[in-house]
Amino acid sequence: GAGVSQSPRYKVAKRGQDVALRCDPISGHVSLFWYQQALGQGPEFLTYFQNEAQLDKSGLPSDRFFAERPEGSVSTLKIQRTQQEDSAVYLCASSLWSLGAPETQYFGPGTRLLVL
Amino acid sequence: SQQGEEDPQALSIQEGENATMNCSYKTSINNLQWYRQNSGRGLVHLILIRSNEREKHSGRLRVTLDTSKKSSSLLITASRAADTASYFCATGENRDDKIIFGKGTRLHILP
């Protein structure tokens, strides 16, 4: 079946502009994650959903970052008033969920955001 | 924040040789996972080892975990050009799915 998809693949924004990044997880996957990856670094955790519930948003760097998953499927990461330091690749991942057992995360191709 | 730290940061070896990468972490974990990332296929899960396991194999991959030393190693045997990629360890502290990635080891296989 189809994997995790993300759109747009590339986004150029002017500083101060708002952006919205979309993630379509694998059908039936309960858990959804957002990560931010700077050049040459590992992915940094931003936030985590189980169905529509946002269980952990401890990694969101500021209140300019907001994520939602209203129907427990597609998720949107919104960045308001973008800054140059927001330039990075934003990765989305989804996984099945089983009680008390970690599941493999399947990653999308990412959205490369460049803020000028 | 990043929990795991891979060593070395970069590694170049001849095709056919074995490659070993290490990961050290700071807090107690429930599981440790290794991922590979290259430009062609993005970030791909390789193997998961739970805190009560010491060694796991998957094809040419061998992972060890030493919870007393808070470290793990990934061995790739008989390396191939296609193994050129960045390799990340990621630790899960709880039994849910949240994981924290390290900074990665960049592996280059020389022809």
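All of these numbers come straight from a predicted model, not from anything done at the bench.

Asker: In this structure, what is going on with the nonpolar core? I would like to understand it.
Answerer: Side chains that are nonpolar tend, in soluble globular proteins, to be buried together. Core analysis: the biggest nonpolar cluster contains 21 residues, and L32, W34, L74, I76, Y87 and L107 of chain B have the highest contact counts within it. Counting residues per element, the ones that place at least two in this core are β3 (19-24), β4 (31-38), β5 (42-50), β7 (61-66), β8 (71-76), β9 (85-92) and β11 (105-110) of chain B. Sequence-distant contacts of Y87 of chain B, defined by excluding residues within four places in its chain, comprise E6, M21, Y35, R36, L46, L74, I76, G104, T105 and L107 of chain B. In this structure, W34, L77, I79 and A88 of chain A belong to the second largest nonpolar core, which totals 20 residues.

Asker: Is there a simple way to think about the state of the cysteines in this case?
Answerer: By definition, a disulfide links two cysteine residues through a covalent bond between their sulfur atoms. Residues and elements named next belong to chain B. Inspection of the entire model under this criterion finds two disulfides over all chains. One disulfide in the model links C23 with C89; its S-S distance is 2.0 Å. One quick way to see it: the torsion about the S-S bond of C23 and C89 is about 65°, and its sign makes the bridge right-handed. Placement of C23 in strand β3 and of C89 in strand β9 is noted, with a sequence separation of 66 residues between them. One exposure class covers both C23 and C89, and it is buried.

Asker: Just checking my understanding: could you explain the environment of G59 of chain B for this structure?
Answerer: Positionally, G59 of chain B belongs in the loop between β6 (55-58) and β7. Linking G59 of chain B and T77 of chain B, residues 18 residues apart in sequence, is a C-alpha distance of 9.1 Å.

Quick notes on the rules
Residues numbered from 1 in each chain as written. Chains lettered and ligands numbered in written order. Predicted model: local features only at pLDDT ≥ 70, side-chain atom pairs only at ≥ 80, totals over all residues. Heavy atoms only, no water. Core = buried A, V, L, I, M, F, W, Y, C linked by side-chain atoms within 4.5 Å. Buried < 20%, exposed > 50% of the residue type's maximum accessible area, 1.4 Å probe, protein only. Helix = DSSP H or I, 4+ residues; strand = E, 2+ residues; numbered from the N terminus. Contact = heavy atoms within 4.5 Å. Disulfide = S-S within 2.5 Å.

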